[in-house]
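Spelled out from the first residue to the last, the chains are:
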Amino acid sequence: MKKNALLTFIFACVPGAGQMYYGYMQRGLALISLFCGCFILGALASPLLVTTFIVWMFSFFDTYDLIRHLAAGDPKPDTLLLLGSWDEIKQLIPRHNRLLGWALVGLGIWSLYGMLVEPLLYDLLNLLNVQNAWQYVSAIPTVVIAVLLIAAGVWLLGLHPKRPEDDQDLPPYPHDGQ
């Protein structure tokens, strides 16, 4: 079924709406959820705001990729993108409960920082007559997230120091025998 080109463009500009316009409801729901999640993370830590733009770009071009596949007679399946189905989500949680556990620990630390540590640091800096104390205290979470992102990027790029695996990979020590 041929769709209106102007409506396609307008819906493609809204993450997930273009997919839903073409009948890909699960895919559209996954994209709008991912976009909103990235937006919330970006509101908490501004360096993560760039992920919303990445999801928006993916969603826009994915709409036209779906159209191309539909026109070729080879439609893509309507899946949740990152996971195939709701059953796979249910299976993922118990298997990766350590990852979920660390995420919950991180959110707990973030909450405690906002409720306890941040006001104490602010009061301490005010007692010390530090100018713009709130600016320094409020920048701490952003700095921590930025450092973690840089460290993850360095690790993914393979720029981290390598640990020697075994001595077996090393050539034998050339000794003179004298």
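What counts and what doesn't
- Residues numbered from 1 in each chain as written.
- Predicted model: local features only at pLDDT ≥ 70, side-chain atom pairs only at ≥ 80, totals over all residues.
- Heavy atoms only, no water.
- UniProt positions renumbered as here; feature names shortened; annotations may be inferred.
- Helix = DSSP H or I, 4+ residues; strand = E, 2+ residues; numbered from the N terminus.
- pLDDT = per-residue confidence, 0-100.
- Expected span 1.5 Å × (residues − 1).
- Buried < 20%, exposed > 50% of the residue type's maximum accessible area, 1.4 Å probe, protein only.
- Arc of directions from axis to C-beta.
- Contact = heavy atoms within 4.5 Å.
- Phe/Tyr/Trp six-rings, centres within 6.5 Å; stacked < 30°, edge-to-face > 60°.
- Lys NZ or Arg CZ within 6 Å of the ring centre and 35° of its normal.

The chain appears in an unreviewed UniProt entry as TM2 domain-containing protein from Candidatus Gemmiger excrementavium.

1. Digging into the UniProt feature "transmembrane region" (unreviewed entry) in the chain
In the numbering used here, UniProt assigns the "transmembrane region" (unreviewed entry) feature to residues 28-58, 99-116 and 136-157. Secondary structure across residues 28-58 divides into 84% helix and 0% strand, with the first and last C-alpha atoms of the span separated by 12 Å. For residues 136-157, helix accounts for 100% and strand for 0%, while the C-alpha atoms at its two ends are 31 Å apart.

2. With respect to the confidence of the model for the chain
Model confidence for the chain is summarised by a mean pLDDT of 79, while 78% of its residues fall at 70 or above. Mean pLDDT across the secondary structure elements of the chain bottoms out at helix H5 (residues 86-95), with 61, and peaks at helix H2 (residues 17-21), with 93.

3. Some words on helix H3 (residues 25-44)
Taking 1.5 Å of rise per residue, the 20 residues of H3 would be expected to cover 28 Å, and the 29 Å separating its terminal C-alpha atoms lies within 8% of that figure. For H3, the set of buried residues is Arg27, Gly28, Ala30, Leu31, Cys38 and Gly42. The buried residues of H3 occupy an angular sector of 160° when projected down its axis, which confines them to one face. Looking at H3, the residues exposed on the side facing more than 90 degrees away from the buried face are Ile40 and Ala43. On its buried side, H3 packs onto H2 and helix H4 (50-71).

4. Description of the packing of aromatic side chains
In this structure the tally under the stated criterion is seven aromatic pairs. On the numbers, 5.5 Å between centres and 55° between planes, the contact of Phe60 with Tyr64 is tilted. Within this pair, Phe60 and its partner Tyr64 are both found in helix H4, separated by four residues, close to a single helical turn. Between Lys3 and the ring centre of Tyr21, over which it is positioned, the NZ or CZ distance is 4.8 Å. Sitting above the plane of the Tyr22 ring, Lys3 keeps its charged end 5.9 Å from the centroid.

5. What to know about the side chain of His69
Inspection of the secondary structure assignment puts His69 in helix H4. For His69, the contacting residues outside a window of four places in its chain are Asp74, Pro75 and Lys76.

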